[in-house]
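Topology and contacts: notes
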Amino acid sequence: MGFCYLTGKEVIPCRYNRVGRFSEGLAAVDAEGKWGFIDKGGQMVIPALFEVGYETPIFSEGLVAVQQAGKWGFADRTGNMVILMCPVKRSFRVFMIEFSPVPIF
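Remember, it's a predicted structure, so these values are computed and weren't measured experimentally. Note on numbering: residues in each chain are counted from 1, in written sequence order. Under the rules for a predicted model, residues below a pLDDT of 70 receive no local features and side-chain atom pairs below 80 are neither given nor counted, while totals for whole chains, interfaces and linings still include all residues. Hydrogen atoms and water are omitted, and side-chain values are computed over all heavy atoms in the structure.

**Comments concerning the overall build of the protein**
How we decide: Secondary structure counts use DSSP, requiring at least four H or I residues in a row for a helix and at least two E residues in a row for a strand, with both numbered from the N terminus. Every residue pair with non-hydrogen atoms within 4.5 Å of one another is taken to be in contact. Accessible areas in this description were obtained via Shrake-Rupley with a 1.4 Å probe; residue shielding takes into account the shown protein chains only.
Across its full length, the protein holds zero helices and eight strands. Sequence-distant contacts, at least 24 apart, represent 23% of the contacts inside the protein between residues at least 6 apart. Accessible surface, the protein as shown: approximately 6600 Å² in total, 58% of it carbon and sulfur.

Below is the structure:
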């Protein structure tokens, strides 16, 4: 999968297994079984390090929920984990205005 204009002109070549929508200037791409993030020019700005799950990750409030080594956390626009990872059985959706819903154990 890749991206094209409404006219059909290709913008970002079809080279990914799955792609997400752009949010805050970045889109998730499944590059060989791991999520990474590209900018609107097609440059990989966050390497494909995060586990692929059912939901496509999107940025919200400058953060994105990602899974790595079976644990979930939030990464910033550079890929740095800014909220520590914790093991949970289901994914987070998005980070929302200083808080994010998480399951209680």
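**Regarding the sheet that holds strand β4 (residues 34–38)**
Using the following cut-off: What makes two strands pair is DSSP finding at least two bridges between them. Working convention: axes come from line fits to C-alpha atoms, limited for helices to the stretch in contact. Angles between N-to-C directions cover 0 to 180 degrees.
An order of β3-β4-β5 is seen for the three strands of this open sheet, with the pairing classed as antiparallel. Both outer strands of the open sheet, β3 (27–31) and β5 (44–51), are each paired with one neighbouring strand and no more. The mean angle between the axes of side-by-side strands here comes to 30°, regardless of whether they run parallel or antiparallel. Both β3 and β4 contribute to a ladder of five bridges, which runs antiparallel. Bridge pairing links Ala31 to Lys34 in β4.

**Observations concerning the nonpolar core**
Let me state the cut-off plainly: Here, nonpolar core means buried Ala, Val, Leu, Ile, Met, Phe, Trp, Tyr and Cys residues that are tied together by side-chain atoms lying within 4.5 Å of each other. Under the scheme applied here, a residue whose accessible area is under 20% of the maximum for its type counts as buried, over 50% as exposed, and between as partly exposed, the area being computed with a 1.4 Å probe on protein chains only.
Of all hydrophobic cores here, the largest spans 10 residues; its members are Leu26, Ala28, Trp35, Phe37, Ile46, Phe50, Phe59, Val64, Val66 and Ala75. Only β4, β5 and β6 (64–68) provide two or more residues apiece to this core. Non-local contacts of Phe59, meaning those with residues more than four positions away in its chain, are made with Ser23, Glu24, Leu26, Phe37, Ile46, Val64, Ala75, Asp76 and Arg77. Listed in part, the seven residues of the second largest apolar core include Ile12, Tyr16, Val19 and Ala27.

**Describing the pairing of β3**
For β3, a buried count of four out of five residues is recorded, marking the element as mostly surrounded by other parts of the structure. Between the antiparallel neighbours β3 and β4 lie two residues, among them Glu32 with a positive phi of about 60°.

**Quick notes on the packing of aromatic side chains**
Condition: Any two of the Phe, Tyr and Trp rings considered here, Trp counted by its six-membered ring, make a pair once their centres fall within 6.5 Å; the pair's planes then place it as stacked at under 30 degrees, edge-to-face at over 60, or tilted in between. By the criterion adopted, a ring carries a charge over it if an Arg CZ or a Lys NZ lies within 6 Å of its centre and within 35 degrees of its normal.
Counted according to the given criterion, the structure contains two aromatic pairs. On the numbers, 4.9 Å between centres and 50° between planes, the contact of Phe3 with Phe22 is tilted. With Phe3 in strand β1 (residues 3–4) and Phe22 in the loop between β2 (10–12) and β3, the pair connects residues that are 19 residues apart, well separated along the chain. Take Phe3: its relative accessible area is 19%, and that puts it in the buried class. For Phe22, a relative accessible area of 23% translates into the label partly exposed. Centre to centre, the rings of Phe37 and Phe59 are 5.3 Å apart; their planes meet at 75°, and the pair counts as edge-to-face. With Phe37 in strand β4 and Phe59 in the loop between β5 and β6, the pair connects residues that are 22 residues apart, well separated along the chain. A relative accessible area of 4% places Phe59 in the buried class. Here the guanidinium or amino end of Lys40 rests over the ring plane of Phe22, the centre of that ring lying 5.8 Å away.

**A short note on the pairing of β6**
Of all five residues making up β6, four are buried, and the element is well covered by its neighbours. In terms of strand pairing, β6 meets strand β7 (residues 71–75) through five bridges, oriented antiparallel. Each residue of the ladder has a partner; that of Gln68, found in β7, is Lys71. Between β6 and β7, which pair antiparallel in sequence order, lie two residues; one of them, Ala69, sits at a positive phi of approximately 55°.

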